[in-house]
Amino acid sequence: TALKLLQTQRKNTKLPKTEFKVCLFDKDAKSGRLSAASAAGGLLTPLGESLCCENWIVEMGFDALALWPSILAQLEMPVFFQRQGTVAVAHAEDSGDMQRFKRHLNVNWPQYEGQNIDAAALQQLEPQLNRFNGGLYLPSEGQIDNRQLLVALRHQLTLAEAQGSFEWCCQQSVSAVNGQTIEVNGEVRQFDLVIDCRGVGATAQIADLRGVIGELFRLYAPEVNLTRPVRLMHPRYQLYIAPKPD
């Protein structure tokens, strides 16, 4: 999407056919430890999130899923990524939430085939989920190791900085974005194209922007073997496990 925007901007402004110099204004340090990306679970699960978001967000999620392999292929450092689907399960007392989820998918997203699985099929997919009588398998979803990704991106951006085609301005506060102009640390700067990626940092300008609050536990459990994300249906909370190497 960013490339298309750059190409459109270049065409409209009749800029020379040269590469753009990119400036990244980052509120965090280069470690990225305070970013939302660092605190995420790394799920790439548009259907699993579809109960609590608009349809266009789900569509963008699937567009992004298709792009990840080509993006990761450009990085020098390895990043764990898989698209072997996800599994949703429910305790007996929450079976109504599972049925509601299935109906929602059938009505809104029939093109992505969810597979109802019994206990035997569930055991084939995830042998350690032996307390459930079945579930729902969503083969089109996936996951990524988000913290590995941040390390790989930092490495790639550092290389770009050394080549002079990229400037990474850390611990900068962008207070406003207006077209091709940004206000950063009280200074107004202009660019050929500005892409606003501030997330909830843009709430002062976008009134209906809302953040998602959650809690993440990182647990080392070598005796637990799960090969794909597992979502537990619950009437009040979104609960899931996102297994990663080691």
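Refer to the structure printed above.
Calculation notes
- Residues numbered from 1 in each chain as written.
- Predicted model: local features only at pLDDT ≥ 70, side-chain atom pairs only at ≥ 80, totals over all residues.
- Heavy atoms only, no water.
- Pairing = 2+ DSSP bridges.
- Helix = DSSP H or I, 4+ residues; strand = E, 2+ residues; numbered from the N terminus.
- Axes fitted to C-alpha atoms, helices over the stretch in contact; angles between N-to-C directions.
- Core = buried A, V, L, I, M, F, W, Y, C linked by side-chain atoms within 4.5 Å.
- Buried < 20%, exposed > 50% of the residue type's maximum accessible area, 1.4 Å probe, protein only.
- Contact = heavy atoms within 4.5 Å.
- Phe/Tyr/Trp six-rings, centres within 6.5 Å; stacked < 30°, edge-to-face > 60°.
- Polar contact = N/O pair within 3.5 Å; in protein donor to acceptor, adjacent residues only side chain to side chain.
- Salt bridge = Lys/Arg side-chain N within 4 Å of Asp/Glu carboxyl O.

Undergrad: Teacher, can you tell me more about the sheet that holds strand β10 (residues 181–184) here?
TA: In a beta sheet, neighbouring strands pair by backbone hydrogen bonds and run either parallel or antiparallel. Read across the sheet, three strands follow the order β9-β10-β11 without closing on themselves; strand pairing throughout is antiparallel. Two strands close off the open sheet at either side, each with one partner strand: β9 (174–178) and β11 (187–190). In this sheet, neighbouring strand axes are inclined to one another by 20° on average, regardless of whether the strands run parallel or antiparallel. Where β9 and β10 come together, four bridges link them in antiparallel fashion. What sits directly across from V174, in β10, is V184.

Undergrad: Got a minute to help me understand the nonpolar core in this structure?
TA: As a rule of thumb, nonpolar side chains are buried together in soluble globular proteins. Core analysis: the largest hydrophobic core is formed by 21 residues, its most contacted members being L72, V79, F101, L105, L136, I144 and L149. Every element with two or more residues in this core is listed here: α3 (55–73), α4 (95–108), β6 (134–138) and α6 (146–163). Residue contacts for I144: discarding those within four places in its chain leaves G41, G42, L44, W68, L72, V79, F80, F81, L149 and K244. Counting ten residues, the second largest nonpolar core, distinct from the first, contains V89, L122, L129 and Y137.

Undergrad: Any chance you could explain unusual backbone geometry here in plain terms?
TA: One non-glycine residue, Q171, adopts positive backbone phi at about 50°. By the secondary structure assignment, Q171 is in the loop between β8 (166–170) and β9. Despite not being glycine, N185 has its phi angle at roughly 50°, a positive value. Here N185 shows up in the loop between β10 and β11.

Undergrad: Looking at this structure, how should I read the packing of aromatic side chains?
TA: How two aromatic rings sit relative to each other is set out by the distance from centre to centre and by the angle between their planes. By the definition in use, this model includes four aromatic pairs. Residues F25 and F191 carry aromatic rings whose centres are separated by 5.9 Å and whose planes lie at 70° to one another, so their mutual orientation is edge-to-face. Note that F25 is positioned in strand β1 (residues 22–26) and F191 in the loop between β11 and β12 (230–232), a separation of 166 residues in sequence. On the accessibility criterion, F25 (16% relative accessible area) is buried. Counting every residue linked through ring pairs, the aromatic cluster contains F62, W109 and Y112.

Undergrad: Teacher, can you tell me more about the side chain of S38 here?
TA: Looking at the element boundaries, S38 is found in helix α2 (residues 36–39). Those residues in contact with S38, other than ones at most four positions away along the chain, are G32, R33, N146, R147 and L150.

Undergrad: What am I meant to see in the side chain of N146 here?
TA: Residue placement: N146 occurs in helix α6. Judged by its relative accessible area of 7%, N146 is buried. A distance of 3.0 Å separates a polar side-chain atom of N146 from the backbone oxygen of A40. Ignoring anything within four residues of it in the chain, the contact list for N146 reads A37, S38, A40, G41, G42 and K244.

Undergrad: Help me understand the pattern of salt bridges, please; the structure alone is not making it clear to me.
TA: Pairs may arise between side chains of opposite charge once their charged atoms sit close together. Applying the stated rule across the entire model yields four salt bridges. A salt bridge links R231 to E49; the shortest N-O distance between them is 3.1 Å. You can see R231 sitting in strand β12 and its partner E49 sitting in the loop between β2 (43–44) and α3, a full 182 residues away along the chain. Take E49: its relative accessible area is 27%, and that puts it in the partly exposed class.

That's the geometry; what it means functionally is another story.
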